[in-house]
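# Chains, contacts and geometry: an overview
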Amino acid sequence: MTPLNAASAPHTPSLDLGGRTALVTGAAGGIGGACALRLAAAGAKVRAVDRDAAGLETLAERAAGLAGTVEPHVLDLTDLDAAELAAAGTDVLVNNAGLQLVRPIEEFPPDAFHTVLTVMLEAPFRLIRGALPHMYGQGWGRIVNISSVHGLRASAYKSAYVAAKHGLEGLSKTAALEGAAHGVTSNCVNPGYVRTPLVERQLADQAEAHGIPEERVLTEVLLQDSAVKRLVEPEEVAEAVAYLCGPRASFVTGTSLVLDGGWTAH
């Protein structure tokens, strides 16, 4: 049998989203920013959605010279009607925006729980709802929900985040089943801890919750169950998103693409 090498390997088509419109939430930085830039590099016209106007402007400047464009769209996702309207005409939808608060359940503020579920579960539902008519009409669409290992596993002190991510997994699967006949795929990307401001802000909260110094939180709490002892880079998550939007992923739907360094192998 002839070994497969670079010369004999079948051509892998590059991601070309020219003429496509993508919407990425939580796009001002971190995973969302990396996804917006990756999709713009593939030629997409990216609607970058976030509350952070200054962060969006910086992102748009970083996108200068790419094949596509990044258009800032300042929006608070707790305005659910506006979120649904913003998704109209979208070919690629990346639900990424997230919040985190680390507290024991008995000390978790109910209003914070409500806000987390609104931004991380109800808003994705409304965005999908707004995007599907256009996707169905053209017979093509890609929904990528940035979930987490916490969509598959639970951690103490993160009741709202874990509940939202588990709900997002179910929503994504339902969208996959309904969208299959219309050429629309829906998947989750499930990273472990990513090098983002959201994770960096957790260090103090986790230190207080577990009663240990901040310098021990990364190795003893965040990366305790990961076989690969490092944070995931936002660009690695963006590449997973790009794969799910690409020509070789049309049969991938209703599943979770896990980037967790072996966490869920336990």
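Anything mentioned here points back to the structure above.
Everything in this summary refers to the structure shown in the same document. Quick caveat, the model's predicted, so the values are computed rather than measured.

Okay, the overall build of the chain next. Regarding its fold elements, the chain presents eight helices and seven strands. When the backbone C-alpha atoms are referred to their principal axes, the chain occupies close to 55 × 55 × 40 Å. Per-residue burial for the chain yields a buried fraction of 49% across its 266 residues. Within the chain, contacts between residues separated by at least 24 positions form 72% of all contacts whose residues are at least 6 apart in sequence. Of the accessible surface of the chain, which amounts to about 12,300 Å², a share of 56% is contributed by carbon and sulfur atoms. Charge centroids of the chain, computed over 20 positive and 29 negative side chains, lie 6 Å from each other.

This paragraph deals with the nonpolar core. Among the nonpolar cores identified, the biggest contains 37 residues, and Leu39, Val46, Val94 and Val189 are the most heavily contacted of them. Counting residues per element, the ones that place at least two in this core are β1 (21-25), α1 (30-41), β2 (45-50), α2 (53-62), β4 (92-95), β5 (141-146) and α8 (234-245). Not counting residues within four places of it along the chain, the set of residues in contact with valine 46 comprises Ala22, Val24, Ala36, Leu39, Ala40, Thr69, Val70 and Glu71. Formed by 31 residues, the second largest nonpolar core is a distinct cluster that contains Leu23, Ala87, Ala97 and Ala112.

The strand order across the open sheet formed by seven strands is β3-β2-β1-β4-β5-β6-β7, and the pairing between neighbours is parallel. Unpaired on one side and paired on the other, β3 (69-74) and β7 (256-259) mark the two borders of the sheet. Between one strand and the next, the sheet's axes are offset by a mean angle of 15 degrees, whatever the strand orientation. Relative to β4, β1 runs parallel, the two being bridged by three bridges. Looking across to β4, one finds that alanine 22 is bridged to valine 92. Together, β1, β4, β5 and β6 (184-191) form the strand contacts of helix α4 (residues 110-138), whose direction differs from that of β4 by roughly 170 degrees. Along the sheet, helix α5 (residues 159-179) makes contact with β5, β6 and β7, crossing β6 at roughly 155 degrees.

For the rest of this paragraph, the subject is the environment of alanine 53. Its place among the elements puts alanine 53 in helix α2. Between the alpha carbons of alanine 53 and glycine 18 there is a distance of 26 Å; along the sequence they are 35 residues apart.

This brings us to α4. The end-to-end C-alpha distance of α4, which contains 29 residues, comes to 41 Å, matching closely the 42 Å that a straight helix rising 1.5 Å per residue would cover. Considering bend angle alone, the principal kink of α4 is centred on threonine 118 and spans about 40 degrees. With its phi angle positive at about 75 degrees, glycine 139 sits one or two positions after the end of α4.

Once that is clear, we can look at the side chain of glutamate 84. Along the polypeptide, glutamate 84 turns up in helix α3 (residues 80-86). Setting aside anything within four residues of it in sequence, one finds glutamate 84 in contact with Arg126, Arg129 and Gly130.

Close contact between α4 and α5 brings their axes to 8 Å; oriented N to C, the two are set at 15 degrees. Taken together, the axis directions place α4 and α5 in an arrangement best described as roughly parallel. Two packed elements cross with a definite hand, and for α4 against α5 that hand is right-handed. Between α4 and α5, the residues in contact are Phe113, Val116, Leu117, Met120, Leu121, Pro124, Phe125, Ile128 and Tyr136 and Ser159, Ala160, Tyr161, Ala163, Ala164, Lys165, Gly167, Leu168, Leu171, Glu178 and Gly179, respectively.

What follows deals with the pairing of β6. Burial of β6 is extensive: eight of the eight residues sit out of reach of the surface. Where burial is concerned, the two faces of β6 agree: the one with Val184, Ser186, Cys188 and Asn190 and the one with Thr185, Asn187, Val189 and Pro191 are both buried. Summarising the sheet, β5 and β6 pair through six bridges and their orientation is parallel. Across the sheet, arginine 142 pairs through a bridge with threonine 185, a residue of β6.

A word on α1. The terminal C-alpha atoms of α1, which comprises 12 residues, lie 17 Å apart, in line with the 16 Å expected from a rise of 1.5 Å per residue. Extensive coverage of α1 is indicated by the burial of nine of its 12 residues. Burial in α1 covers these residues: Ile31, Gly32, Gly33, Ala34, Cys35, Ala36, Leu37, Leu39 and Ala40.

Applying the stated criterion across every chain yields a total of two aromatic pairs. Aromatic side chains phenylalanine 108 and phenylalanine 113 sit 6.1 Å apart centroid to centroid with 85 degrees between the ring planes, which places their arrangement in the edge-to-face category. Residue phenylalanine 108 is classed as buried on the basis of its relative accessible area, which comes to 8%. A residue is classified by how much of its surface remains accessible, and phenylalanine 113, at 33% relative accessible area, is partly exposed. Between the aromatic rings of tyrosine 193 and tryptophan 263, the centroid separation amounts to 5.6 Å while the plane-to-plane angle is 20 degrees, which identifies the pairing as stacked. Here tyrosine 193, found in the loop between β6 and α6 (197-210), pairs with tryptophan 263, found in the segment after β7; they are 70 residues apart in sequence, far enough to count as distant.

Criteria and thresholds
- Residue indices begin from 1 for each chain and proceed along its sequence in written order.
- Where local features are concerned, this predicted model is filtered to residues with pLDDT of at least 70; where side-chain atom pairs are given and counted, the filter is 80 or more; whole-chain, interface and lining totals use all residues.
- Each side-chain value is derived from all of the structure's non-hydrogen atoms; neither hydrogens nor water enter the calculation.
- For the purposes of this entry, the term helix denotes a DSSP run of H or I that reaches at least four residues, the term strand denotes a run of E that reaches at least two, and both are numbered from the N terminus.
- When accessible area is computed with a 1.4 Å probe and restricted to protein chains, residues below 20% of their type maximum are described as buried, those above 50% as exposed, and intermediate ones as partly exposed.
- Contacts are assigned to residue pairs that have any heavy atoms within 4.5 Å of one another.
- Throughout, the Shrake-Rupley method with a 1.4 Å probe supplies accessible areas, and for residues the shown protein chains are the sole cover considered.
- A residue counts as positive if it is Lys or Arg and as negative if it is Asp or Glu; His and the chain ends are not included.
- The atom standing in for a charge is NZ when the residue is Lys, CZ when it is Arg, CG when it is Asp and CD when it is Glu.
- Residues belong to one nonpolar core when they are buried, are Ala, Val, Leu, Ile, Met, Phe, Trp, Tyr or Cys, and are joined through side-chain atoms within 4.5 Å.
- Any two strands with at least two DSSP bridges between them are considered paired.
- All axes are obtained by fitting lines to C-alpha atoms, using only the stretch in contact for helices, and the reported angles, taken between N-to-C directions, cover 0 to 180 degrees.
- To estimate the expected span of a helix, count its residues, drop one, and scale the result by 1.5 Å.
- To obtain the bend at a residue, axes are fitted to the seven residues ending there and to the seven starting there, and the angle between these axes is taken.
- Orientation labels follow simple angle bins: below 35 degrees gives roughly parallel, above 145 gives roughly antiparallel, 65 to 115 gives roughly perpendicular, and whatever is left gives oblique.
- Each helix crossing is assigned a hand: it is left-handed if the near helix lies turned anticlockwise from the far helix by less than a right angle, otherwise right-handed if that turn is clockwise.
- Each pair of aromatic rings taken from Phe, Tyr and Trp, with Trp reduced to its six-membered ring, is defined by centres within 6.5 Å and is described as stacked if the planes are under 30 degrees apart, edge-to-face if over 60, and tilted in the remaining cases.

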